[in-house]
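# Structural overview for review
So the chains spell out like this:
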2 protein chains.
Amino acid sequence: MTYCLGMLLHEGLVFASDSRTSAGVDSVSQFRKMFVTEAPGERLIVALTAGNLAVTQEVITVIDRAAAAGEDEGNVLLADSMFTVARIFGSALRDVHNRDRPHLMAHGADVNASLIVGGQIAGERPRLFHIYAAGNFIEAGDETCYFQIGETKYGKPILERVVTPALRLIPAAKCALVSFDSTIKANLSVAPPIDLLIYERDRLRVLTRQRIDDGDAYFNALRGYWGEGLRALFADAPDPDWKSGIT
Amino acid sequence: MTYCLGMLLHEGLVFASDSRTSAGVDSVSQFRKMFVTEAPGERLIVALTAGNLAVTQEVITVIDRAAAAGEDEGNVLLADSMFTVARIFGSALRDVHNRDRPHLMAHGADVNASLIVGGQIAGERPRLFHIYAAGNFIEAGDETCYFQIGETKYGKPILERVVTPALRLIPAAKCALVSFDSTIKANLSVAPPIDLLIYERDRLRVLTRQRIDDGDAYFNALRGYWGEGLRALFADAPDPDWKSGIT
């Protein structure tokens, strides 16, 4: 499995992804799921991937190659808007699906894949998209300002309580790490290192990108604080007034 | 969907279940998923159900009928142990599956169903079982002292952090309610009223059973406390020491 998270905030964007892939418990490995395309001062594009690794790697490679070759078609460095960037990712996903699906299905393999794509192009505001397996996509807004893909459920409750568009960037990154901690604790298929990228609106370059592994001092301090804090909060929770009859 | 939870603790057992069933968002209704069979002073048996409602209702009805009729076979009131009780539930689930599966599959309906069954029979310790769709089952112990069925993921992180066999009964019930709160917040297919039953070891009767609806004063106080507490805890979380470059 995988867990990836993207947030669209008034101050900018926060992205996080884990690094575990598994094809059964006896085939566990580590792959990066965060991909950054940058033209400093002009545009920054981040893609997070979940699902069939061969499918998502092919999508990323096709897009990287088009950008590196300066192609006219499917080049995210030339796209006039983040909407066009999302369409390029959706089209690449469709192309890979069309080419690979019959072969994957013949082997009973999972053809599912999805992406979170976000960033900013000079002249536009920062934008964030959730690209489905079918290549169609939705865009985040003030009502729904974050997207998750992969193993999304364990880490959702804390996001629901804390994340609003007005949340500042560093607190949002902290919240992302707490959400990852809850997921990692509950599910073996999600694991560090966590790739974390914080993008401040209108800077048009990456200023903060962290790779957080198991031994990361800050992540461990945050995990310890959160675990202890939850237990302390729980210990002080109000008692029910039921007549329990319990001795 | 559904969310049900059973815990096996040194002091006894805690059971909780929601009341929402849905067959699509335009067919949402309210059904009880907790079923209690009691012979005060001699045995107490609790079953929680998830999955296809027609299947689980049939299982419960078959078992209730056998008990009411005093039958020799499949009678949980005559079972010599909770292990035998779990077998009776598993067999009833298999019988219903065998009878209904071809017809359900012909209509493309979901035949999945699972149960949590626990309780105590005089002379035995309290025991707790998770009964799978195939009618086989596993028993809780000190290493894994709780079972969830249905929509399990949102409510798992708090259980993982708090629940151990040594947790006392009232705190365990509070933790169950917090776990339900997280699930209800994240997923429309789980909803109050929550049926909550706290069983104190060796009492062999129900002393505490609550039906907690949306307007329940204690549940709302607990939800408010927990939501506020989480936000306050989060607000005080340690800051990272990364050079963020963020202005």
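The coordinates are above.
A brief structural summary. (Residues numbered from 1 in each chain as written. Chains lettered and ligands numbered in written order. Predicted model: local features only at pLDDT ≥ 70, side-chain atom pairs only at ≥ 80, totals over all residues. Heavy atoms only, no water.)

Residue and element names in this part refer to chain B. Here we have five strands laid out as an open sheet, ordered S5-S6-S7-S8-S9, and antiparallel in their pairing. One side of each edge strand has no neighbouring strand; the edge strands of this open sheet are strand S5 (34–39) and strand S9 (137–139). Between one strand axis and the next, the sheet turns by 15 degrees as a mean value, whatever way the strands run. Of the pairings in the sheet, the one linking strand S7 (residues 113–121) to strand S8 (residues 127–131) comprises five bridges and is antiparallel in character. The residue of S8 that forms the bridge with Gly119 is Arg127. (Pairing = 2+ DSSP bridges. Helix = DSSP H or I, 4+ residues; strand = E, 2+ residues; numbered from the N terminus. Axes fitted to C-alpha atoms, helices over the stretch in contact; angles between N-to-C directions.)

Here the second copy of the chain follows from the first by a rotation about an axis and a shift along it. The transform that puts chain A on chain B rotates by 180 degrees and translates by 0.0 Å along the axis, for an RMSD of 0.0 Å. Here the symmetry operator amounts to a two-fold rotation axis. Using C-alpha coordinates, one finds that chain A approaches the rotation axis most closely at Tyr154 of chain A, a distance of 2.4 Å. Looking at the interface residues of chain A, 100% of them are also at the interface in chain B, so both copies use one shared face. (Least-squares fit on C-alpha atoms with pLDDT ≥ 70 in both. Contact = heavy atoms within 4.5 Å.)

Moving on: the pattern of salt bridges. Side-chain pairing between opposite charges can occur once the charged atoms of the two side chains come close. Considering all chains together, one arrives at 30 salt bridges over all chains under this definition. One salt bridge in this structure joins Arg99 of chain A and Glu58 of chain A, with 2.8 Å as the shortest N-O distance. Linking Arg99 of chain A in helix H2 (residues 82–106) with Glu58 of chain A in helix H1 (residues 53–68), this pair joins segments that are 41 residues apart in sequence. Across the pair Arg203 of chain B and Glu200 of chain B runs a salt bridge, and its minimum N-O distance is 2.5 Å. Accessibility expressed as a relative area gives 27% for Arg203 of chain B, which makes it partly exposed. For Glu200 of chain B, a relative accessible area of 12% puts it in the buried group. Here the salt bridges share partners, and the residues they tie into one network are Glu124, Arg125, Arg127 and Glu139 of chain A. (Salt bridge = Lys/Arg side-chain N within 4 Å of Asp/Glu carboxyl O. Buried < 20%, exposed > 50% of the residue type's maximum accessible area, 1.4 Å probe, protein only.)

Attention shifts here to unusual backbone geometry. With an omega of 0 degrees, the peptide bond running from Pro192 of chain A to Pro193 of chain A counts as cis. Here Pro193 of chain A is to be found in the loop between helix H4 (169–186) and strand S11 (194–200). Of note, the phi angle at Leu204 of chain B is positive, near 60 degrees, even though the residue is not glycine. Along the chain, the position of Leu204 of chain B falls in the loop between strand S11 (194–200) and strand S12 (208–212). Judged by its relative accessible area of 10%, Leu204 of chain B falls in the buried class.

Now for the interface of chain A and chain B. Taken together, the contact pairs 50 residues of chain A with 50 residues of chain B. Here chain A packs against chain B, burying approximately 5,000 Å² in sum over the two surfaces, 66% of which is carbon and sulfur. Interface area lost by chain A to chain B is led by Arg161, Phe234 and Trp242 of chain A, which between them contribute 19%. Its salt-bridge partner being Lys174 of chain A, residue Asp239 of chain B comes within 2.8 Å of it at the nearest N-O pair. (Buried area = accessible area lost by both parts, 1.4 Å probe.)

Turning our eyes to something else, we now look at the nonpolar core. One finds Met7 of chain A together with Met7 of chain B to be the most contacted residues of the largest nonpolar core, which totals 73 residues. For this core, the element with the highest residue contribution is H4 of chain A, accounting for ten residues. Once residues within four sequence positions are removed from consideration, Met7 of chain B is found in contact with Gly12, Leu13, Val14, Leu128, Cys145, Tyr146, Leu159, Val163, Ala172 and Ala176 of chain B. (Core = buried A, V, L, I, M, F, W, Y, C linked by side-chain atoms within 4.5 Å.)

All names here are of chain A. Strand order in the open sheet made by the five strands is S10-S1-S2-S11-S12, with antiparallel pairing throughout. Across the chains shown, the open sheet's two edge strands, defined by having one partner strand only, are strand S10 (146–150) and strand S12 (208–212). Recorded for the sheet is a direction-independent mean angle of 10 degrees between the axes of neighbouring strands. Bridge count between strand S2 (residues 12–17) and S11: six bridges; the pairing is antiparallel. Among the inter-strand pairings, Gly12 is bridged to a residue of S11, identified as Glu200.

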